[in-house]
Amino acid sequence: MIMKLKQNQLWKQGDRFYRIVHLERLSVDYKTVDPMDPEAGSHHSVTKKEFCRLIKGAEEVLDPSLFGM
């Protein structure tokens, strides 16, 4: 499966949500998102390979307006 990563994408893995904050060629800055408080959450910086492993099997949330984004 080919993943196309884009800035501000929202991914759901189990009960966790990840939003891509900044995307570069080899790195991803992402934020863990709480559906009840989308402004809260912790920021993380990882390589693109690590991020893809993190969201392996996850599904993209196609309507992020549900989270006030």
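Small disclaimer: the values here were computed from a predicted structure and weren't measured.

Comments concerning the overall build of the chain
Consideration 1: On a plain count of helices and strands, the chain comes out with one helix and five strands.
Consideration 2: The N-to-C order of helical and strand elements in the chain reads β-β-β-β-α-β.
Consideration 3: Relative to the globule expectation of 11 Å for 69 residues, the C-alpha radius of gyration of the chain, 11 Å, shows essentially globular dimensions.
Consideration 4: Here the contacts in the chain between residues at least 6 apart in sequence split such that 36% fall between residues at least 24 apart.
Consideration 5: A total accessible area of about 4,900 Å² is found for the chain, and carbon and sulfur atoms account for 52% of it.
Consideration 6: If the 11 positive side-chain charges of the chain are averaged to one point and the 10 negative ones to another, these points end up 10 Å apart.

Some remarks on the nonpolar core
Consideration 1: By size, the foremost hydrophobic cluster in this structure holds ten residues: L5, W11, Y18, I20, V28, Y30, V46, F51, I55 and A58.
Consideration 2: Those residues within four positions of V46 in sequence are excluded, and the remaining contacts are S27, V28, Y30 and F51.

So, the environment of E39
Consideration 1: Following the sequence through the fold, E39 ends up in the loop between β3 (27–33) and β4 (43–47).
Consideration 2: Considered as a pair, E39 and A58 are 19 residues apart in the sequence and their alpha carbons are 22 Å apart.

Let's talk about the confidence of the model for the chain
Consideration 1: Here the chain averages 89 in pLDDT, and 91% of its residues register 70 or above.
Consideration 2: Within the chain, strand β5 (residues 59–60) has the poorest average pLDDT of any element, 93, and β4 the best, 97.

Here's the deal with unusual backbone geometry
Consideration 1: Of note in the backbone geometry, N8 takes a positive phi value of approximately 70° without being a glycine.
Consideration 2: Here N8 is to be found in the segment before β1 (10–13).
Consideration 3: The class for N8 is partly exposed, based on a relative accessible area of 46%.

What counts, and at which threshold
Residues numbered from 1 in each chain as written. Predicted model: local features only at pLDDT ≥ 70, side-chain atom pairs only at ≥ 80, totals over all residues. Heavy atoms only, no water. Helix = DSSP H or I, 4+ residues; strand = E, 2+ residues; numbered from the N terminus. Rg over C-alpha atoms; globule rule 2.2 N^0.38 Å. Contact = heavy atoms within 4.5 Å. Areas by Shrake-Rupley, 256 points an atom, 1.4 Å probe, with all protein chains shown as cover. Lys, Arg positive; Asp, Glu negative; His and termini not counted. Charge placed at Lys NZ, Arg CZ, Asp CG, Glu CD. Core = buried A, V, L, I, M, F, W, Y, C linked by side-chain atoms within 4.5 Å. Buried < 20%, exposed > 50% of the residue type's maximum accessible area, 1.4 Å probe, protein only. pLDDT = per-residue confidence, 0-100.

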